Amino acid sequence: MKEIKSPSETHELIVGVRVLLKTLTAFQDRVQKLLSLGVLEIFPQRHWLSRAQACDFLCCCKNTLASYRDKGLLHASKIGSKCYYLESDLIAFIESGRSGNKAPLNFNTNH
C-alpha cells in the first residue's frame, strides 16, 4: 500500500473514495430497481432438503447417502455440521440411474 506523504495526496484519495461511493450507490439503486420490477432475480427459488428428507426422497439410509456424497456422486452444502441437498440434484441423480434406485420419487420407507 502506498504511503500518503502530502495533504494533496490525502485530498485526492478522499475525492477518489467519494466518487467510488457515489458510483456504487448508483449501481445499488439500479439493482434494487430491477429487483423491484422483477426483471432481475439474484437467488432463484431452490428447494433444499435435510439429510433425513434426502434419505426419504432417495429411499436410502443415511450411510448410503453419505457414501454418494463422499464419492462425489451427490453434492451437499454444509451449514455447521449439517448437510443439505438440492431437490433438483436428487432428481437428476435418480434420473441418471447412478443410484440404482428405481423407487418413485417421495416414496417414504421410514429410514
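Overview of the structure. (Residues numbered from 1 in each chain as written. Predicted model: local features only at pLDDT ≥ 70, side-chain atom pairs only at ≥ 80, totals over all residues. Heavy atoms only, no water.)

### So, the overall build of the protein
Looking only at helices and strands, the protein has four helices and three strands in total. For the protein, the sequential pattern of α-helices and β-strands runs α-β-α-α-β-β-α. Burial status across the protein gives 19% buried among its 111 residues. Counting only contacts in the protein whose residues sit at least 6 apart along the sequence, the fraction spanning at least 24 positions is 52%. Summed over its atoms, the accessible surface of the protein is roughly 8800 Å², and 57% of this surface lies on carbon and sulfur atoms. (Helix = DSSP H or I, 4+ residues; strand = E, 2+ residues; numbered from the N terminus. Buried < 20%, exposed > 50% of the residue type's maximum accessible area, 1.4 Å probe, protein only. Contact = heavy atoms within 4.5 Å. Areas by Shrake-Rupley, 256 points an atom, 1.4 Å probe, with all protein chains shown as cover.)

### Examining the sheet that holds strand β1 (residues 48-49)
As a general point, the strands of a sheet are linked pairwise by backbone hydrogen bonds and lie either parallel or antiparallel. Read from one edge to the other, the open sheet built from three strands follows the order β1-β3-β2, with strand pairing classed as antiparallel. Each edge of the open sheet is held by one strand with a lone partner, namely β1 and β2 (77-79). Across two bridges, the pairing between β1 and strand β3 (residues 82-86) is antiparallel. Across the sheet, L49 pairs through a bridge with Y85, a residue of β3. With respect to the sheet, helix α4 (residues 87-96) is in contact with β1 and β3, its orientation differing from that of β3 by roughly 65 degrees. (Pairing = 2+ DSSP bridges. Axes fitted to C-alpha atoms, helices over the stretch in contact; angles between N-to-C directions.)

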